[in-house]
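# Structural overview
Read off the chains here:
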Amino acid sequence: MNPDLRRERAAASFDPELLTNILDGSAENTRRRREIENLILNDPDFQHEDPNFLTRSQRYEVAVRKSAIMVQKMREFAIADPEEIMWFKKLHLGSFVEPVGLNYSMFIPTLLNQGTTAQQEKWLPSSKGLQIIGTYAQTEMGHGTHLRGLETTATYDPETQEFILNSPTVTSIKWWPGGLGKTSNHAIVLAQLFTQGKCYGLHAFIVPIREIGTHNPLPGITVGDIGPKFGYDEIDNGYLKMDNYRIPRENMLMKHAQVKPDGTYVKPLSNKLTYGTMVFVRSFLVGEAARCLSKACTIAIRYSAVRHQSEIKPDEPEPQILDFQTQQYKLFPLLANAYAFQFVGAYMRETYHRINGDIDQGDLRELPELHALTAGLKAFTSWTANAGIEECRMACGGHGYSHCSGLPNIYVNFTPTCTFEGENTVMMLQTARFLMKSYDQVHSGKLVYGTVSYLNDLPSQRIQPQQVAVWPTVVDINNPDSLTEAYKLRAARLVEIAAKNLQAEVIHRKSKEVAWNLTSVDLVRASEAHCHYVIVKLFSEKLHKIQDKSIHAVLRSLCLLYSLYGINQKSGDFLQGNIMTESQISHVNQRIKELLTTIRPNAVALVDAFDFQDVTLGSVLGRYDGNVYENLFEWAKKSPLNKTEVHESYYKHLKPLQSKL
C-alpha cells in the first residue's frame, strides 16, 4: 500500500463502509453486491484483457465473448434480479462496453412496458437467454430527437394481416442503434403507423433482421456497422434499411395501442406511453452519470494524494498535489456533484418504478411530470458529469492523457449520453413545456403538485408583462434547508421570466411556435434552474435520514459545497432576483474555501466509499493500493510497439535513408 494513501485512510473522520451501505441502499445490498463481485473475481473464466492494446475488431470480439460467458454464468449462479444483473455486468465487463447491452437495457424493457402478456411470453424467455438478441432502432440518419420527423413507415395490409415496413428515403435509414450492425438478430423498430389510409404516428414493432442459426440478413433487410466513432469501440452501432419487409400483425407491440385484424386502430390512453422505454433509459442515465463521475473522481483524488509536485514552501519536500487549494477547487465540487447525483439517481429509480406501477393500474396522473423530470435531469446530470470527467482528466496532468489513467475511456464512453435518448438542449425544452403548462395552471387558479409545487407561491396578479416576482429572504449559507429555499426562489423567478417573455413574444409574433423559438434560451435557463433546485432539495432531504453523526457531518459538508458552488457559478441569478446580496455572495465564496479545507482529510475515504474494484476503474492512476509508478512502467511495456526492439518500419523506410549517409 502506498504510504500516502495509508495515511489518508487512517486520518478519515468516518467509516467508509457505513457510507458505502448508504449508497448501496443497505448493508445487506453491499454484502450481496460484493458476493456477486467475488464470484467474478475468483472465476478464471473472467480474466480481463487490456482493451487499450487491441484493434477495434478484437475489442468487439472480446466483448461478444464476455457477453456470452456472462449469460452462461448468470444462469450458473442463478442471478436474475435486475439490480444484481447490473452489478454482475459492471464488474464482468470491466473497461469494455457490451455489444448486447441494448438487449437488456431497451429491448427487454420495451417488451415489458409495451408488449401484451402473449407477446412477452413469446419473446422474453428467448431474449433473456440471448437466443433472440434485440436492439432498439429509433434514430434515423436524418432524425433523432425529433421523433415526429422519423420517416420509417409500417403500413398495415388487412388482406395478409401483415405490416409492410419501408425505409422510403436515404435519411430514413435507421442509424446508430447499438448492437445493430453485427450482433442483433431482432430489433424493436419505431415506425410511422399507417392503417386504413391514415397515419397514426410512431409505434413499436418487433422486427426479425437476421436468420436464427445462420445470422444472415433476411430478404428485404440491409444491415451493417456504421464504422469507428469517438468511443464505444466494442459496439457495432449499425444501420438498417427495410424494403417492403413484411412482419405479422402480432409483431406490433399492443399493450397500449392496437391494430385490429381489419385494420381498425385503437388508440392508447396517452400518447406518452409510446415513449416509455426512453423514459426508463433517461432515468437510468441519471444513475449512470453519477457512476461515471464517481469513477473519475476516484481516479483523480487517489492520484492527487499519491502525486507530489512543486512546492508550497521553499526548501520543503514536494507536497501532495491534493494539498493545493486549486486542485481541491477543481475536484471537491465534482466529488460533491457525484454524491448529489448518486442520491438523485436512486430517487429516479424509485420514482420511475413507483409511477410505472401506477401506470400499469391505469393511473397516468404523474406521467407528465415523470416525462419532464427524466428529460431535464438526464440533460442536467450528463452535461455536468461530461464536463466533470474531463476536468478530472486534466487534474491528473500529463498522465491523465494516457489511456492508462482510465479517464479517456470513461469520457469517450460517457459523452454520447449528452445526445442519445434525446439531445440535451431539446430535453431541457421538453422540461420547459411542462414548466410552462404548470405555470399556466397556477395562473388559472389551479394548484400544481410534485417538484413544481413551488409555483403555487407565485403572486397571482401581474400588471406589466415583464414584471417578475421578487421575494425578500434571508439565506443562511450554513443551512442546507435555507439554501434549498434560495434555489427554489431562483427556479420560480426564472420560470416566471421565461413565461412572461414567452407571452410577450406570442403577443408580438402571433405565432406560438415562433415565440417558443425566440424564448428558448430563457426556457432552457428555467429548466436548468428547476433541475438544480430538485437536486439541492433531494441532497438536503437525504441529510435528514442519516443517523450516524460522522457520516452526517461529512455529507453535510458535501451538500453545502454542492449548493454554495452552484450559487458561485450562477451568482448573477441570485443577485438579480434579490435572493442574495453582494455581501452574501462574498461570504459564499469564502465559505467554499473553508469547506475545501474541511473536506480535505476525508477526500480519499469519500471516494473509497464508492467501492469500485480496480478492474472496474481500469486505471493505473486510480489503483486502490496507490502503487502508480511501478504499474505505469509495467503497463507501458505491454504496448504492441514494444514486442520487438526494432520495429519493421525501420528496415522498410528509415534504414534506406540512413544507408545513404
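That block above? That's the structure.
Now for a description of the structure that goes with this document. (Residues numbered from 1 in each chain as written. Predicted model: local features only at pLDDT ≥ 70, side-chain atom pairs only at ≥ 80, totals over all residues. Heavy atoms only, no water.)

### Description of the nonpolar core
Looking at soluble globular proteins, one finds that nonpolar side chains tend to be buried together. Residues Tyr339 and Leu555 are the most contacted members of the largest nonpolar core, which totals 120 residues. By residue number, the principal contributor to this core is helix α8 (residues 276-306), which donates 13 residues. Once you skip the residues sitting within four places of it in the chain, Tyr339 turns out to touch Leu19, Leu23, Phe539, Leu555, Leu558, Leu606, Ala609 and Phe610. In this structure, Trp87, Ile108, Leu202 and Ile206 belong to the second largest nonpolar core, which totals 35 residues. (Core = buried A, V, L, I, M, F, W, Y, C linked by side-chain atoms within 4.5 Å. Buried < 20%, exposed > 50% of the residue type's maximum accessible area, 1.4 Å probe, protein only. Helix = DSSP H or I, 4+ residues; strand = E, 2+ residues; numbered from the N terminus. Contact = heavy atoms within 4.5 Å.)

### Regarding the environment of Asp233
Summarising the element assignment, Asp233 is placed in the loop between β7 (221-225) and β8 (238-242). It is 25 Å that separates the C-alpha atoms of Asp233 and Asn631, two residues lying 398 residues apart in sequence. In contact with Asp233, other than residues within four places in its own chain, are Arg56 and Arg59.

### Here's the deal with the packing of aromatic side chains
Scanning the entire structure with this criterion turns up 15 aromatic pairs. Grouped by ring-pair contacts, the aromatic residues Tyr339, Phe343, Phe539, Tyr562, Phe610 and Phe612 constitute a single cluster. The lysine or arginine in question, Arg9, covers the ring of Tyr624, its NZ or CZ lying 3.7 Å from the ring centre. Lying across the ring of Trp516, Arg433 places its NZ or CZ 4.1 Å from the centre. (Phe/Tyr/Trp six-rings, centres within 6.5 Å; stacked < 30°, edge-to-face > 60°. Lys NZ or Arg CZ within 6 Å of the ring centre and 35° of its normal.)

### Examining the sheet that holds β8
A sheet is described by the order of its strands in space; here three strands give the open sequence β4-β8-β7, paired in antiparallel fashion. Each of the sheet's edge strands pairs with one partner strand only, and the pair in question is β4 (174-175) and β7. Direction of pairing for β7 relative to β8: antiparallel, over a ladder of five bridges. By the bridge assignment, Asp225 is partnered in β8 with Gly238. (Pairing = 2+ DSSP bridges.)

### A closer look at the side chain of Thr519
Position of Thr519 among the secondary structure elements: in the loop between α14 (512-518) and α15 (520-543). On the basis of relative accessibility, which here comes to 1%, the residue Thr519 falls in the buried class. If sequence neighbours within four positions are ignored, Thr519 has contacts with Ala498, Asn501, Leu502 and Glu505.

### A few points about the packing of helix α10 (residues 367-395) against α15
Between α10 and α15, whose axes approach to 10 Å, the crossing angle comes to 85 degrees. On the basis of the axis angle, α10 is roughly perpendicular to α15. Residues Leu373, Gly376, Leu377, Phe380, Thr381 and Trp383 of α10 touch α15, and the partners they reach there are Glu528, His530, Cys531, His532, Val534 and Ile535. Of the residues assigned to the contact of α10 with α15, the class counts are seven nonpolar, four polar and one charged. (Axes fitted to C-alpha atoms, helices over the stretch in contact; angles between N-to-C directions. Parallel < 35°, antiparallel > 145°, perpendicular 65-115°, else oblique. Nonpolar A, V, L, I, M, F, W, Y, C, P; charged D, E, K, R; others polar.)

### Describing the pattern of salt bridges
Once their charged atoms are close, side chains differing in charge can pair, the charge on each being opposite to the other. Inspection of every chain in the model, using the stated rule, returns 34 salt bridges. A salt bridge links Glu35 to Arg32, with the nearest nitrogen and oxygen atoms 3.1 Å apart. Here Glu35 pairs with Arg32, and both are found in helix α3 (residues 27-41), just three residues apart, close to one helical turn. By relative accessible area, Arg32 is classed as buried at 18%. Across the pair Arg33 and Asp611 runs a salt bridge whose closest N-O atoms are separated by 2.6 Å. Of this pair, Arg33 sits in helix α3 while Asp611 sits in the loop between α19 (603-608) and α20 (614-617), and the two are 578 residues apart along the sequence. Residues participating in the shared-partner salt-bridge network are Glu17, Asp24, Arg33, Arg34, Glu37 and Asp611. (Salt bridge = Lys/Arg side-chain N within 4 Å of Asp/Glu carboxyl O.)

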